[in-house]
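# Architecture at a glance
Listed below are the residues making up each chain.
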Amino acid sequence: MIREARAASRTLTWRLVGVVVLLVALTAAVIGTATTVAMHDHLEGRLDADVTRELDRALNRPGGGPPVALPLPDEPGDRSEDFRAGYGTLVAVLPATGEGRGLVLSEPDGNRAFDAAELTTAQLRSLTELPEADEPQTVELEGLGSYRVAVADLPDGQVVAGLPRSDVDETITNLIRLELLATLAGLVVAAAAAAFVVRRQLAPLREVAGTAHRVAELQLATGDITLEERVPTRLTDERNEVGQVGSALNRLLDHVEDSLDARHRSEQQVRQFVADASHELRTPLATIAGYSELARLRPDDDIALRTALAKVDEESKRMTSLVEDLLLLARLDAGRPLIAETVDLTSLLLEAVSDARVLASDHIWRLDLPDDVIEVRADEQRLHQVITNLLTNARKHTPPGTTVTVAADAGGFSVHDDGPGFPPDLVDRAFERFTRGDAARHREGGVGLGLALVAAIVDALGGRVNLRSRPGDTTVQIQLAPGSPAAGAA
């Protein structure tokens, strides 16, 4: 229970309620203290004025001369025209020599002028020991309580007049009690109102948190993940704090969903890559195994041996080329930098097109080059591989008579052909690994790594590949960024 209470006290709702209650309590304490002090000073000022007035009543100033003390009545029932002290007043005459006398007057009873109680010796001694002061002062009298008294000096002694503080103290006590009750009621009302308002204001934040909790409970480790949970649009207004949190959470979920989709596609590509690589390697391995078995079974047949060795050599070269392409892709995927040097792009294109004319004389090969030599910063060997792969792809996948045009400018080069083009469903994934079109559309097979290597190498060189294809109009555009990657080993 204690742990749960502590946990509840740490929630934002109860912390805000606690702050509101604390502020109300501090405000009430300041107001109550100021009110009490002001009331106390006001009442004490009035009491001092009454005490001074009662002292004046207890004095007689004959003919404008020095004041003298009026004689105190000998008996409580005596009527005295000269003794004018008000009821409830303490009056004491303290001569310089001899014993003094004092009375505490009370309300009259019947025909008696006043009722009074004589001050005791201890009470008179407390009055005698008062320090000199021009203003009324407080004294504690045994049996009577606290009094506010004023002292007048006479030639032959002192006169003391005073009034009890009980009314002032009682008023202040009642005021403090009322303030405490009002403060307590105010705190209860403030706590209830704050809890209602805060919970109402934080309800959107709890809804945002609920979305986050539901997403957190999803299994995101494997598989094709679809994140359908989103913060409602009404809670994504960035003009307020809750909307900012909701909008940020939605953007985060969008990024997470995109990342999960990319991860899933990558996993699928890796699986497909492994399956395709295994399939492509299995064919030459099976061929090598078959012809090796043939040579073993017919050791005396020279023709069979030569045929077997030729096929083993052919398949070994095919397998070596495939493995080298896979290793190159792996290196590029790992971020291995390529050599950065000044390369004569014009010379590379001339050489590659000349080779293509020899290999595919049934195609029409054209070069569209500017008068000035084009130089780019790249890895010459890899850039030559890009050009060769593109021309090989155009040669293998277009029919005889197709015109292939290679054009170059300062930003790169392009390879265009007027062949049948890529199948529509193949355009978007033409540069993926082991992507191959319908075998009936071209004359020679391949493992589907040529264009994948083109894309990987160009990306490593800091460039970009664009493909535009439709029947009779296919163009692969290679854009080489100026100031390509820093020098490094492949």
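A few points on the structure. (Residues numbered from 1 in each chain as written. Predicted model: local features only at pLDDT ≥ 70, side-chain atom pairs only at ≥ 80, totals over all residues. Heavy atoms only, no water.)

## With respect to the overall build of the protein chain
A count of helical and extended segments in the protein chain gives nine helices and 15 strands. Within the protein chain, the fraction of its 490 residues that count as buried is 34%. Expressed as a percentage of contacts within the protein chain between residues at least 6 apart in sequence, the contacts between residues at least 24 apart total 61%. Surface exposure of the protein chain reaches about 28,800 Å², of which carbon and sulfur atoms provide 55%. (Helix = DSSP H or I, 4+ residues; strand = E, 2+ residues; numbered from the N terminus. Buried < 20%, exposed > 50% of the residue type's maximum accessible area, 1.4 Å probe, protein only. Contact = heavy atoms within 4.5 Å. Areas by Shrake-Rupley, 256 points an atom, 1.4 Å probe, with all protein chains shown as cover.)

## Here's the deal with a negative patch on the surface
A cluster of like negative charges, contributed by Glu341, Asp344, Glu351, Asp355, Glu375 and Glu380, occupies part of the molecular surface. The set of elements that each furnish at least two residues to the negative patch consists of strand 9 (341–344) and helix 7 (345–359). Positionally, Asp344 belongs in strand 9. (Patch = residues over 30% accessible without salt bridge, like charges linked within 9 Å, V, L, I, M, F, W, Y side chains within 5 Å. Salt bridge = Lys/Arg side-chain N within 4 Å of Asp/Glu carboxyl O. Lys, Arg positive; Asp, Glu negative; His and termini not counted. Charge placed at Lys NZ, Arg CZ, Asp CG, Glu CD.)

## A word on helix 7
For helix 7, built from 15 residues, the straight-helix expectation of 21 Å at 1.5 Å per residue is met to within 8% by its first-to-last C-alpha distance of 21 Å. Among the residues making up helix 7, those that are buried are Leu345, Thr346, Leu348, Leu349, Ala352, Val353 and Ala356. The arc enclosing the buried residues of helix 7, seen along the axis, measures out at 160°, which places them on a common side. Looking at the buried side of helix 7, the elements it contacts are strand 9, strand 10 (364–368), strand 11 (375–378), helix 8 (380–396), strand 12 (403–409) and strand 13 (412–417). (Expected span 1.5 Å × (residues − 1). Arc of directions from axis to C-beta.)

## A few points about the pairing of strand 7 (residues 145–154)
Of all ten residues that make up strand 7, seven are buried, and the element is covered over most of its length. Alignment of strand 6 (residues 137–141) against strand 7, held across five bridges, turns out to be antiparallel. Bridging across to strand 7, Val139 finds its partner in Tyr147. A loop of three residues connects strand 6 with strand 7, the two strands running antiparallel in sequence, and Gly143 in this loop sits at a positive phi of about 85°. Of the pairings in the sheet, the one linking strand 7 to strand 8 (residues 157–164) comprises eight bridges and is antiparallel in character. Considered in strand 8, the bridge of Tyr147 is made with Pro164. The turn linking strand 7 back onto strand 8 is made up of two residues. (Pairing = 2+ DSSP bridges.)

## A closer look at the packing of helix 7 against helix 8
Look at helix 7 against helix 8: their axes get within 10 Å of each other, and the N-to-C directions meet at 35°. The handedness of the crossing between helix 7 and helix 8 is right-handed. On the side of helix 7, the interface is formed by Leu345, Leu348, Leu349, Glu351, Ala352, Val353, Ala356 and Leu359, while helix 8 contributes Glu380, Leu383, His384, Ile387, Leu391 and Arg395. Split by residue class, the contact of helix 7 with helix 8 holds ten nonpolar, one polar and three charged. (Axes fitted to C-alpha atoms, helices over the stretch in contact; angles between N-to-C directions. Left-handed = near helix turned anticlockwise from the far one by under 90°. Nonpolar A, V, L, I, M, F, W, Y, C, P; charged D, E, K, R; others polar.)

## Comments concerning the packing of helix 2 (residues 12–57) against helix 4 (residues 166–216)
Where helix 2 contacts helix 4, the axes come no closer than 8 Å and their chain directions differ by 160°. Looking at the two axes, helix 2 sits roughly antiparallel to helix 4. When you trace helix 2 past helix 4, the crossing you get is right-handed. For the contact of helix 2 with helix 4, the per-class residue count stands at 23 nonpolar, eight polar and three charged. (Parallel < 35°, antiparallel > 145°, perpendicular 65-115°, else oblique.)

## Focus: a nonpolar patch on the surface
Where nonpolar side chains cluster on the molecular surface, the patch consists of Val19, Leu22, Leu23 and Leu26 and spans about 370 Å² of accessible area. Mapped onto the elements, Val19 comes out in helix 2.

## Section: the pairing of strand 8
With six of eight residues buried, strand 8 lies mostly within the body of the structure. Sheet topology note: the strand 3 (residues 90–95)/strand 8 ladder contains six bridges and is antiparallel. Along strand 8, the bridge assignment pairs Leu90 with Gly162.

## Here we look at the pattern of salt bridges
Counted under the stated rule, the structure contains ten salt bridges. Its salt-bridge partner being Asp48, residue Arg148 comes within 2.6 Å of it at the nearest N-O pair. Residue Arg148 is found in strand 7, and its partner Asp48 is found in helix 2; the two are separated by 100 residues along the sequence. The same class applies to Arg148 as to Asp48, namely buried.

## Examining the nonpolar core
One finds Leu383, Leu390, Leu391, Phe413 and Ile478 to be the most contacted residues of the largest nonpolar core, which totals 45 residues. Contributing elements (two or more residues each) for this core: helix 6 (302–333), helix 7, strand 11, helix 8, strand 12, strand 13, helix 9 (450–460) and strand 15 (473–479). Once you skip the residues sitting within four places of it in the chain, Leu383 turns out to touch Val343, Leu345, Leu348, Val376, Ala378, Phe413 and Leu480. Grouped together as the second largest cluster of nonpolar side chains are 15 residues, Ala150, Ala161, Val168 and Ile172 included. (Core = buried A, V, L, I, M, F, W, Y, C linked by side-chain atoms within 4.5 Å.)

## With respect to the sheet that holds strand 15
Spatially, 10-12-13-15-14 is the arrangement adopted by the five strands of the open sheet, whose pairing is mixed. Where the open sheet ends on each side, the last strands, each with one partner, are strand 10 and strand 14 (464–470). The mean angle between the axes of side-by-side strands here comes to 10°, regardless of whether they run parallel or antiparallel. Two elements, strand 12 and strand 13, share six bridges in a ladder whose sense is antiparallel. Pairing of Val404 across the sheet is with Asp417, part of strand 13. Contacts from helix 8 reach strand 10, strand 12, strand 13 and strand 15 within the one sheet, and its direction differs from that of strand 13 by about 10°. The strands touched by helix 9 within the sheet are strand 14 and strand 15, with strand 14 carrying the most contacts at an inclination of about 145°.

## A look at the environment of Ala394
With respect to the helices and strands, the residue Ala394 is situated in helix 8. Put simply, Ala394 and Val404 are ten residues apart on the chain and 7.3 Å apart in space, counted from C-alpha to C-alpha. Setting aside chain neighbours within four positions, we find Ala394 in contact with His363, Val404 and Asp417.

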